[in-house]
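# Observations on the model geometry
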Amino acid sequence: MRYSIITATILRPGLLTACASLDSQTNKDWEHIITCDRPSNTPEAQELLSKISHPQRTIVDCSRVHNDYGSTCKHEVWERARGEYVYYLDDDNYLSHNGVLEDLMQVTGVWALFPIMHYRKRFCNIPPGVDRTDTGNFLAKREHARFGLREAHHSDGLLVEYLKTVAPYQDLTHITPVLIYEAQNSAEEIKRRAAAGLLK
């Protein structure tokens, strides 16, 4: 299997869009593992999850429900991944077109960096790193793609810092942005990134 797509979710409605964008990919060589970072046994959660059923999708509960940006849940569920490459698709993101996984067939190295659309602006910082790289900006070989146990918003950047010690990234910054990120509840994040000059 080429891709393991991992989504940590707080069971917000955006999960439907994220799943639909993956289901419509022309490349079908993937599995999708969703880990619930909130109780999934409520009637509301069950209604949402019933709408994303797919034979290539597995839904599991995180053993420690705590809403830490999904870091611990991503760390935990990584053990279930079987794909050659792991990509983290957050529940407030969605793939930008149905050929994204075909575009990412260009990846042959340990990890690759590519652009996303972040609040309608192209986002991809060189060099990548903490507070410079979003979860959607990279994928990595399974054996190197495990999130740490830190309960921090910048855990994706910490994973990137680790990847930089393993191998240089494969530069795919020329491709069409692979992901759309337009979180409805992140006004503070927009201000923070804008103040740091990270929105380009």
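Residues numbered from 1 in each chain as written. Predicted model: local features only at pLDDT ≥ 70, side-chain atom pairs only at ≥ 80, totals over all residues. Heavy atoms only, no water.

### Focus: the overall build of the chain
A tally of helices and strands in the chain yields 6 helices and 11 strands. With 200 residues in all, the chain has 52% of them scored as buried. Counting only carbon and sulfur atoms, one obtains 51% of the accessible surface of the chain, whose full area is about 9100 Å². (Helix = DSSP H or I, 4+ residues; strand = E, 2+ residues; numbered from the N terminus. Buried < 20%, exposed > 50% of the residue type's maximum accessible area, 1.4 Å probe, protein only. Areas by Shrake-Rupley, 256 points an atom, 1.4 Å probe, with all protein chains shown as cover.)

### Let's talk about the state of the cysteines
Per the counting criterion, the structure on display carries 1 disulfide. The residue that forms a disulfide with Cys 62 is Cys 73, at a sulfur-sulfur distance of 2.3 Å. For the disulfide bridge between Cys 62 and Cys 73, the dihedral angle about the S-S bond is near -105°, and by the sign convention the bridge is left-handed. Taken together, the positions of Cys 62 in the loop between β3 (57-61) and α3 (71-77) and Cys 73 in helix α3 put the pair 11 residues apart, joining distant regions of the chain. Assigned by exposure class, Cys 62 and Cys 73 land together as buried. Free cysteine Cys 36: the closest other cysteine sulfur is in Cys 73, separated by 8.6 Å. (Disulfide = S-S within 2.5 Å.)

### Considering unusual backbone geometry
The omega torsion of the bond from Ile 126 to Pro 127 falls at 0°, within 30 degrees of zero and hence cis. For Pro 127, the location among the structural elements is in the loop between β8 (121-123) and β9 (138-141). Despite not being glycine, Tyr 119 has its phi angle at roughly 55°, a positive value. One can find Tyr 119 in the loop between β7 (116-118) and β8.

### Some words on the environment of Arg 64
Residue position: Arg 64 is located in the loop between β3 and α3. Look at Arg 64 and you get partly exposed, because its relative accessible area is 41%. Measuring from C-alpha to C-alpha, the distance between Arg 64 and Glu 76 comes to 9.4 Å, with 12 residues separating the pair along the chain.

### Observations regarding the pattern of salt bridges
By the definition in use, this model includes 10 salt bridges. Asp 90 is the partner of Lys 74 in a salt bridge, and the nearest nitrogen-oxygen pair spans 3.1 Å. A residue pair is termed long-range when its members are at least 10 positions apart, and Lys 74 in helix α3 and Asp 90 in the loop between β4 (85-88) and β5 (93-95) qualify at 16 residues. Both residues of the pair, Lys 74 and Asp 90, count as buried. One continuous salt-bridge network, built from bridges that share partners, spans Arg 2, Glu 84 and Lys 141. (Salt bridge = Lys/Arg side-chain N within 4 Å of Asp/Glu carboxyl O.)

### With respect to the nonpolar core
Residues Tyr 3, Ile 5, Tyr 87, Leu 104, Phe 114, Leu 139 and Val 178 are the most contacted members of the largest nonpolar core, which totals 24 residues. Broken down by secondary-structure element, the contributors of at least two residues to this core are β1 (3-9), α1 (14-23), β4, α4 (100-103) and β11 (179-181). Other than its neighbours up to four places away in sequence, Leu 139 contacts Tyr 3, Tyr 85, Val 86, Tyr 87, Val 107, Val 110, Trp 111, Ala 112 and Phe 114. Within the second largest apolar cluster, 16 residues are counted, among which are Tyr 88, Trp 111, Phe 147 and Leu 159. (Core = buried A, V, L, I, M, F, W, Y, C linked by side-chain atoms within 4.5 Å. Contact = heavy atoms within 4.5 Å.)

### Regarding the sheet that holds β8
Read across the open sheet, the 4 strands follow the order β5-β11-β7-β8; overall the sheet is mixed. The outermost strands of the open sheet, each flanked by one partner alone, are β5 and β8. Strand-to-strand twist across the sheet, computed as the mean angle between neighbouring axes with direction ignored, equals 30°. Inspection of the sheet shows β7 paired to β11 by 2 bridges, in the parallel sense. By the bridge assignment, Met 117 is partnered in β11 with Ile 180. (Pairing = 2+ DSSP bridges. Axes fitted to C-alpha atoms, helices over the stretch in contact; angles between N-to-C directions.)

### Digging into the packing of aromatic side chains
Inspection of the entire model under this criterion finds 5 aromatic pairs. Centre to centre, the rings of Tyr 87 and Phe 114 are 6.0 Å apart; their planes meet at 45°, and the pair counts as tilted. With Tyr 87 in strand β4 and Phe 114 in the loop between β6 (111-113) and β7, this residue pair connects regions lying 27 residues apart in the sequence. Judged by centre distance (6.5 Å) and plane angle (85°), the ring pair of Trp 111 and Phe 138 falls under edge-to-face. (Phe/Tyr/Trp six-rings, centres within 6.5 Å; stacked < 30°, edge-to-face > 60°.)

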